Amino acid sequence: MSTNHSQFLTFATEKEKDSSVSLKSLFAKYLYNWRVILVTVVAMLIVAFAYTQLADPVYQVKATLLVNTPKDADKPDANQSVLDKIDLPKSADAVENEIAKLKSARLINQVISDLQLDISYEKKDGLFYKDIYATRPFRILFIKHNADADIKAKVFIQVKDSKSFMLTTDGDSKQYSFNDVMHTDWGTWKLIPAQNAPSFTGQPLRVSLLDADKLTEYYQKNIDAGLEDKLATAVDLSFNTTDRQKGKDIINQLVKVYNDDEIADKNKETQNTINFIDQRLASLTGELSGVEKSISDFKSSNRLTDITSDAKFELEKLQTNDSRLSEINVQLSVIDGIESFVNSPHTADKAPAVIGINDPSLVSSVEKLSQLQLQRDQLAATTPETNPDFEEINAQIKTTKASIKDNVKNIKASLLNAQSKLRSQSSSSESSIANLPGQEQKFISIKRQQSIKENLYVYLLQKREEVSLSYATTVSNYKVLDSAHSLPSKWPNKKVIFLAAFILGIILPAIGIYLAQIFKGVVLDPAEVENAIEMPIFSEIAAAPASGLVKGGLIVEQLRNLRTQLFDLHGEGKKSNVTLVTSSISGEGKSFIAGNTGNILANTGKKTVILELDLRRSAIKDIFKLSKKQVGISDYLRGNVPLAKIIQPSGVKESLDIISSGSAVSNPTELLENGKLGELIAELKNTYSDIIIDSPPVHLVADGYIIARVSDVTLYIVRQGVTPKSELVFIKNLLKENKLPAMQIVFNGVNVKKFGFGYEYDNSYYQTTSLPGELSA
């Protein structure tokens, strides 16, 4: 099994454990930038402090209403039908309907109109204009409002004195007196001064119109109405505002408008009954006057003063029957009205009068139907008919109508039966009267008509007084428990603001660091490499402060670890080890790794040589500060000099030699292919235990593949902050295709001063562990 394959298996088994290491490295990245995070946190806290000092306080204005549900709505009556007991509206549903009405656009729009909330009065405060609703020195009174007026248009008004002001529109200024009628694009209006108008003398105020529809939508969203307790019917009205007086006015006016609307709805039903009675009284007045005149004329013409006792008895009996018949006829008339009302598809226009109906079940059902229809109308004012809420209320209306129809049918049959009996009795009395003398008979007939109409007239007058008394004492369904009052400031909440500022101070730089890493498009974490190539990193080298030879600290320990791993990788029993150091692109630190690896290998006393085989861009001679004029590998490969001429001491220690690139060439690839490279390595193996080759980047030129033929192990350098992430695919293919011998990945740390990312280590421990003179330049 190959070395790379075994490493693939090892990586697969330890991937879960490595994820925790990746999290630690991720935390280390952000911890390294603690200065940026600290500065951001401090800045955010300063901004939070400034906001708490400058922001206008927000207050909650609150009122509490006790909504009264229909009496005995939840207590079934003995006279109610089974359907009535089942379908009685629940108090919670009734309260929910009232809440919907309180937040309806119609009522809120009325509040806006009453308080002129669609007109903004502002005073300049520093760089900004501030609303002065509570202290406005005047108010606009529209005589004729132009509905097409540009709501973006603004006027500036400057109070001159208690009687006059300066009006500026579109740059034109003109002086007016208060209460003068003015004509502008807004329409016809005048300015009504307040008592505090003189205190605003000389101060320019900005007046503007607001979109009433958008304002209505705003208040609908921001005025909260809800049940304080699900088991009670107390409704809390609340509104958050920076102007306490404005908030109180809005809530109080909303309660007033709601009260007026409730009373108007109730009075509408009562007025329908009064109108019905008035129509009947007007008709009876004329009829009664005619009958009374007929009696007077009859007595005068016939000189009739009295009638017999028998005639009186029969007449009184007939009058009693007629009185009862009149009542039954009135009841039948009302029953017909109720029947017509129920059968009509439109039941919202007029509720039927129920005067004279003694059946409590029918009266309750008719009242319930009126209430349900009113609730439906209120719901329709705020909700489209496709809303599921309509299904429930329509079902209740349908059930109530069916119950009323059954009651009407039974009551009508009973009244018709009573009417038939009374008519039979009246016929008997009329027969008895018919036997009386002619004058008495005729007089009794006229007297009977008078009695019928008098009784009916008195009955209707009595009912009208009862209904009128009800009309005069109409009250709303609610009671104000707590009028609008302001609670302590709820915003700015310093604890919440400072906590949010602290959290943002940490999150924002973290996001910035993360985005910078993403958009940078380079490798920044060893875990990225391991996850991409599916093989563990062979060795990690921390960021070096300079590009030369390192003299101590963590990097020395990491190089020692690399040396040990290389010994294990090469194995024992070999006379000489050839290690190729390469990378994908230039600038990834392969020369730095090659030079320092050769230096640490030489510390063991083994003869080591470093070959500068990057014939295009040499860097080894710069690391060891060697002469650039020295002949080297290119000269040897062309056959111009022997091997002994190109070997030069490193100047660091006796066991380390350097062979530089030599003279510049135009065809390095062809030169490496001429066969002498193999001879060079073979000769060096006779002298050196370790041969380190610094080669060109393999993704840029083919030189590395040629050099790989004479190598035993490849150290492939990936540099933090330099190697593009796109190169990881190329590296993975190299591993899978085994194009480089025993290829291992070395993760080279980036210069943190240049890239701003990386790890920070404590070198104090490692500074004392270097051997005397070890790795000294």
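Please refer to the structure placed before this passage.
Chemist: Explain the overall build of the chain residue by residue, including any values.
Modeler: When you go through the chain residue by residue, the secondary structure sums to 24 helices and 21 strands. Of the contacts made within the chain by residues no fewer than 6 positions apart, 79% connect residues no fewer than 24 positions apart.

Chemist: Mind laying out the packing of helix 3 (residues 34-54) against helix 13 (residues 494-520), listing which residues take part and the relevant values?
Modeler: Relative to each other, helix 3 and helix 13 sit at 150°, their axes nearing to 8 Å. Judged by the angle between their axes, helix 3 and helix 13 are roughly antiparallel. The way helix 3 lies across helix 13 gives a crossing that is right-handed. Contacts from Val36, Ile37, Thr40, Val41, Met44, Leu45, Ala48, Phe49, Tyr51, Thr52 and Gln53 of helix 3 reach helix 13 at Lys494, Ile497, Phe498, Ala501, Phe502, Leu504, Gly505, Ile506, Leu508 and Pro509. In terms of residue class, the contact of helix 3 with helix 13 is made up of 16 nonpolar, 4 polar and 1 charged.

Chemist: Kindly report on the pattern of salt bridges, identifying the contributing residues and their values.
Modeler: Taken as a whole and assessed by the stated rule, the structure comprises 23 salt bridges. Glutamate 557 is the partner of arginine 560 in a salt bridge, and the nearest nitrogen-oxygen pair spans 2.4 Å. In this pair, arginine 560 and glutamate 557 are both assigned in helix 15 (residues 554-570), 3 residues apart and thus about one turn of the helix distant. Since its relative accessible area comes to 15%, arginine 560 is described here as buried. Assessed through its relative accessible area of 25%, glutamate 557 is described here as partly exposed.

Chemist: Give me the lowdown on helix 16 (residues 590-602), citing residues and values where you can.
Modeler: With 13 residues, helix 16 extends 18 Å between its outermost C-alpha atoms, agreeing within 8% with the 18 Å of an ideal straight helix rising 1.5 Å per residue. The buried fraction of helix 16 is high, at 13 of 13 residues.

Chemist: Can you tell me about the side chain of glutamate 98, naming the residues and giving the values?
Modeler: In this structure, glutamate 98 sits in helix 5 (residues 91-102). Despite being buried, glutamate 98 has no salt bridge partner; lysine 101 is the closest side chain of opposite charge, sitting 5.2 Å away. A polar contact of 2.4 Å, which involves the side chain of glutamate 98, links it to the side chain of tyrosine 258.

Chemist: Lay out the packing of helix 14 (residues 526-533) against helix 23 (residues 727-737) in plain terms, naming residues and giving numbers.
Modeler: With their axes 9 Å apart at the nearest point, helix 14 and helix 23 run at an angle of 50° to one another. Considering their axes alone, helix 14 and helix 23 lie oblique with respect to each other. Taken as a pair, helix 14 and helix 23 cross one another with a handedness that is right-handed. Here helix 14 contributes Glu528, Val529, Ala532 and Ile533 to the contact with helix 23, which in turn contributes Leu728, Ile731, Lys732 and Leu735. Residue composition of the contact of helix 14 with helix 23, grouped by class: 6 nonpolar, no polar and 2 charged.

Here is what the cut-offs are and how they apply
Residues numbered from 1 in each chain as written. Predicted model: local features only at pLDDT ≥ 70, side-chain atom pairs only at ≥ 80, totals over all residues. Heavy atoms only, no water. Helix = DSSP H or I, 4+ residues; strand = E, 2+ residues; numbered from the N terminus. Contact = heavy atoms within 4.5 Å. Axes fitted to C-alpha atoms, helices over the stretch in contact; angles between N-to-C directions. Parallel < 35°, antiparallel > 145°, perpendicular 65-115°, else oblique. Left-handed = near helix turned anticlockwise from the far one by under 90°. Nonpolar A, V, L, I, M, F, W, Y, C, P; charged D, E, K, R; others polar. Salt bridge = Lys/Arg side-chain N within 4 Å of Asp/Glu carboxyl O. Buried < 20%, exposed > 50% of the residue type's maximum accessible area, 1.4 Å probe, protein only. Expected span 1.5 Å × (residues − 1). Lys, Arg positive; Asp, Glu negative; His and termini not counted. Polar contact = N/O pair within 3.5 Å; in protein donor to acceptor, adjacent residues only side chain to side chain.

This is a description of form; function is not addressed.
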